Amino acid sequence: LVCGGLATGLIALWLVSVITLILPSRDPAHVPMWTGITFAFFVYSALTLLLVWRGPRSAPLSAAVVTLSLVAIAFGGYEVQSMLAATGPGAHFEGYLLVMGVVLAGHGLCALLYTALTAMIARRVRAT
């Protein structure tokens, strides 16, 4: 989960450079959209890293990570599917969207697995 959180955070940092260096001159209309996506990537990365650091003690944090993980899987899966469908002639394939989708969906899956495993372990520890 730490690797997924760091990868998502690095994508967000890369997006900051794209937003500040490339989009203003090439596609200024999409700066607000990409700024929101970048913020969401930073928040998701930070919350999952905080969850690993704090452990399963915080139920609200775990619930937030689970909720955001479901969104991440859906968004990442949509991006992967969209880019795989865009490989035909005349389609508009964007490799960076494929990579972002794979990382985000993988991060979400790892976070769901992590929260489930830590919850199971915490229950066993409390039961003993």
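Okay, so let's go over this structure. (Residues numbered from 1 in each chain as written. Predicted model: local features only at pLDDT ≥ 70, side-chain atom pairs only at ≥ 80, totals over all residues. Heavy atoms only, no water.)

### Considerations on helix H5 (residues 95–127)
Point 1. A rise of 1.5 Å per residue sets the reference length of H5, with its 33 residues, at 48 Å; its end C-alpha atoms lie 48 Å apart and thus fit the reference within 8%.
Point 2. All of the buried residues along H5 are Leu-97, Met-100, Gly-101, Leu-104, Ala-105, His-107, Gly-108, Ala-111, Thr-115, Thr-118 and Ala-122.
Point 3. Taken together, the buried residues of H5 touch helix H1 (2–21), helix H3 (31–54) and helix H4 (59–85). (Helix = DSSP H or I, 4+ residues; strand = E, 2+ residues; numbered from the N terminus. Expected span 1.5 Å × (residues − 1). Buried < 20%, exposed > 50% of the residue type's maximum accessible area, 1.4 Å probe, protein only. Contact = heavy atoms within 4.5 Å.)

### Points about the nonpolar core
Point 1. With 20 residues, the main nonpolar core has Leu-15, Trp-34, Phe-41 and Met-100 as its most contacted residues.
Point 2. Going through the elements one at a time, H1, H3, H4 and H5 are the ones with two or more residues in this core.
Point 3. Once residues within four sequence positions are removed from consideration, Phe-41 is found in contact with Thr-8, Ile-11, Ala-12, Met-100 and Leu-104. (Core = buried A, V, L, I, M, F, W, Y, C linked by side-chain atoms within 4.5 Å.)

### A word on the packing of aromatic side chains
Point 1. Summed over all chains, the structure comprises two aromatic pairs.
Point 2. Each ring, one from Trp-14 and one from Tyr-96, has its centre 6.0 Å from the other, and the planes form 55°; the classification is tilted. Taken together, the residues Trp-14 in helix H1 and Tyr-96 in helix H5 connect sequence positions 82 residues apart.
Point 3. With centroids separated by 6.2 Å and ring planes inclined at 55°, the aromatic side chains of Trp-34 and Tyr-96 adopt a geometry described as tilted. Of this pair, Trp-34 sits in helix H3 while Tyr-96 sits in helix H5; the two residues are 62 residues apart in sequence, bridging distant segments of the chain.
Point 4. One aromatic cluster is present, formed by Trp-14, Trp-34 and Tyr-96 through successive ring pairs. (Phe/Tyr/Trp six-rings, centres within 6.5 Å; stacked < 30°, edge-to-face > 60°.)

### Considering the side chain of Ser-62
Point 1. Positionally, Ser-62 belongs in helix H4.
Point 2. Other than its neighbours up to four places away in sequence, Ser-62 contacts Leu-51, Pro-56 and Thr-115.

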